[in-house]
Amino acid sequence: MNILSDVKFNIQIKKITFCQYQLCIDDKLMTLSFPQLLQLRNKINSLTKPESLENIIEKENFVLLFIADKKHLVFLEIPKLLDLKEEISFCFYN
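This section reports on the structure supplied with the text. (Residues numbered from 1 in each chain as written. Predicted model: local features only at pLDDT ≥ 70, side-chain atom pairs only at ≥ 80, totals over all residues. Heavy atoms only, no water.)

**Some thoughts on the nonpolar core**
Counting residues in each nonpolar core, the largest one holds 23 residues, and the members touching the most others are Leu23, Ile25, Leu40, Leu65, Ile67 and Leu81. Put simply, the parts of the chain that give this core at least two residues each are β1 (11–15), β2 (20–25), β3 (28–33), α1 (34–47), α2 (50–59), β4 (62–67), β5 (72–77) and α3 (78–93). Excluding residues that lie within four positions of it along the chain, Leu23 makes contacts with Ile11, Gln12, Ile13, Lys28, Leu29, Met30, Leu32, Leu40, Ile67 and Leu84. (Core = buried A, V, L, I, M, F, W, Y, C linked by side-chain atoms within 4.5 Å. Buried < 20%, exposed > 50% of the residue type's maximum accessible area, 1.4 Å probe, protein only. Helix = DSSP H or I, 4+ residues; strand = E, 2+ residues; numbered from the N terminus. Contact = heavy atoms within 4.5 Å.)

**Let's talk about the environment of Glu86**
Secondary-structure assignment places Glu86 in helix α3. Spatially, the C-alpha atom of Glu86 lies 9.6 Å from that of Ile11, the residues being 75 residues apart in sequence.

**As for the pattern of salt bridges**
Under the counting rule described, the total for this entry stands at one salt bridge. The shortest N-O distance in the salt bridge between Asp26 and Lys80 comes to 2.3 Å. With Asp26 in the loop between β2 and β3 and Lys80 in helix α3, this residue pair connects regions lying 54 residues apart in the sequence. Overall, the relative accessible area of 31% leaves Asp26 in the partly exposed class. The exposure class assigned to Lys80 is partly exposed, which follows from its relative accessible area of 23%. (Salt bridge = Lys/Arg side-chain N within 4 Å of Asp/Glu carboxyl O.)

**Quick notes on the sheet that holds β3**
Backbone-to-backbone hydrogen bonds join strands into a sheet, with any given pair of strands oriented parallel or antiparallel. In spatial order, the strands read β1-β2-β3; together these three strands make up an open sheet with antiparallel pairing. Of all strands in the sheet, those bounded by a partner on one side alone are β1 and β3. Pairwise comparison of adjacent strand axes, ignoring direction, gives a mean angle of 20 degrees for this sheet. In this structure, β2 lies alongside β3, joined through six bridges in antiparallel fashion. When the bridges of β3 are listed, Leu23 appears paired with Met30. Lying over the sheet, α1 contacts β1, β2 and β3, oriented at roughly 110 degrees with respect to β3. Sitting on the sheet, α3 touches β1 and β2, and the angle it makes with β1 is about 25 degrees. (Pairing = 2+ DSSP bridges. Axes fitted to C-alpha atoms, helices over the stretch in contact; angles between N-to-C directions.)

This is the structure we're talking about:
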């Protein structure tokens, strides 16, 4: 029995085809190619460095992030930013 089978997470990445991924943040669905996912991973990794996080917390406490070649604009507070980093890491290391 899977306890998490009925739980819906706020941030999910699903592999659709060989090089196509679907990112779901809350109720917003975005289709990403593999290079776009790599670019997103690099951006998230740079934003979640300790110095960058301190800077974000001191100023506005959120990030506006363009995803998929500026097709989507996403508002991320610090907890969601860290959740997105964890989900992307899980996607690459699973």
